[in-house]
Amino acid sequence: MNSTPGTTRYLDVTGGRIAYDDSRGDGVPVVLLPGMLDKRAAYRHLAPLLTAAGHRVITMDLRGLGESSTGFTDYTPAAIADDLVALLAHLDLHGAVLVGNSYTGATVVRAAGLAPERTGGVVLIDAFVENLPLNGFQKALFGLVGPLVAAFPGLWSALQKFYYPTDRPADFDAYRAGLAEMLRDPARKAALRGYLKGDSAPVGWCEAVDVPALVLMGSKDPDFPNPELIADRQAAALRGRKVMIENGGHYPMAGHPRAVADALLPFLNEVAR
């Protein structure tokens, strides 16, 4: 069943239920997945621009987060890909463009390989697919930050300033406060720990993708010492192309939604041909 625009719908999947919404436009169906420890509202500034261009925009909460249920035991990109494939089938989508940010870049790559008959294209936004191996300092940093975030969810809210090194949306403070509130929920803390253990950069999944691909990367994403190098690696692995979002951080769809739309809309038009 399609949803009324602006309402939350739910899909039962193995282990729980997934929340999503659906604009029901007549253009290319675009499924937007947020990153780790985020909500589908991460696309609150980009989705209206895609909808205004006539596309059907679906945003999905990840298992254990947002309005999706808690109690899942697997929070890996592969498990989320199973949820995404189930949603594609539930909505009977064909030619859908799958968009993943950060942790879920691997998810949309996996889903494209699992459901090629339903996938029209793949878009990565500041994703970790084909990332370089972590050096000793990075391993130590992530090894420290993970337990701290699990113990003090408010730290994730504070870290959002780090991920938006330049422009921030007008609702930035309210949004990051909402993330902290979500992660303080005892039932969500299990999901938080599960995501921190997940492998966001699995190897070899790109080989199964045989649809057009677009890589979007913020030029100032602090998660990567050289963001453009990672974007080049991803574009090569997916046999696609890249667009750098000038001055963008890790979440350019919120910090620079117009620039992301300007890069994404031509790609959607190409897929529709």
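For the structure itself, look to the data block above.
Criteria and cut-off values
- Residues numbered from 1 in each chain as written.
- Predicted model: local features only at pLDDT ≥ 70, side-chain atom pairs only at ≥ 80, totals over all residues.
- Heavy atoms only, no water.
- Helix = DSSP H or I, 4+ residues; strand = E, 2+ residues; numbered from the N terminus.
- Rg over C-alpha atoms; globule rule 2.2 N^0.38 Å.
- Buried < 20%, exposed > 50% of the residue type's maximum accessible area, 1.4 Å probe, protein only.
- Contact = heavy atoms within 4.5 Å.
- Areas by Shrake-Rupley, 256 points an atom, 1.4 Å probe, with all protein chains shown as cover.
- Lys, Arg positive; Asp, Glu negative; His and termini not counted.
- Charge placed at Lys NZ, Arg CZ, Asp CG, Glu CD.
- Expected span 1.5 Å × (residues − 1).
- Arc of directions from axis to C-beta.

Student: What should I look at first to understand the overall build of the protein chain in this one?
Tutor: Looking only at helices and strands, the protein chain has ten helices and eight strands in total. Here the protein chain has a C-alpha radius of gyration of 17 Å; the compact-globule value for 273 residues is 19 Å, and the two agree. In terms of overall dimensions, the protein chain has a C-alpha envelope of 45 × 40 × 35 Å along the principal axes. Going through the 273 residues of the protein chain one by one, you find that 54% of them count as buried. Considering only intrachain contacts with a sequence separation of at least 6, the fraction spanning at least 24 residues in the protein chain is 73%. Summed over all atoms, the accessible surface of the protein chain reaches about 11100 Å², with 54% contributed by carbon and sulfur. Of the charged side chains in the protein chain, 26 are positive and 29 negative, and the gap between their average positions amounts to 4 Å.

Student: Where do I start with helix α8 (residues 227-238) in this structure?
Tutor: Each full turn of the α-helix corresponds to 3.6 residues, which orients residues three or four apart in the same direction. Helix length check: α8, at twelve residues, gives a terminal C-alpha distance of 17 Å against a target of 16 Å (1.5 Å per residue), a fit within 8%. Pro227, Ile230, Ala231, Gln234, Ala235, Ala237 and Leu238 are the residues of α8 that are buried. The buried residues of α8 all sit within an arc of 165° when viewed along its axis, so they share a single face. Among the structural elements, α3 (105-114), β6 (119-125), β7 (213-218) and β8 (241-245) are those in contact with the buried residues of α8. Looking at the residues trailing α8, positive phi occurs at arginine 239, about 55°.

Student: For this particular structure, what's the right way to read unusual backbone geometry?
Tutor: Glycine aside, residues mostly have negative phi angles, and peptide bonds mostly take the trans form. Of note in this structure, serine 102 is not a glycine but carries a positive phi near 60°. As for its placement among the helices and strands, serine 102 is situated in the loop between β5 (96-101) and α3. On the basis of relative accessible area, serine 102 is assigned to the buried category, the value being 6%. One non-glycine residue, asparagine 247, adopts positive backbone phi at about 70°. Its location among the elements puts asparagine 247 in the loop between β8 and α9 (252-255).

None of this, on its own, says anything about what the molecule does.
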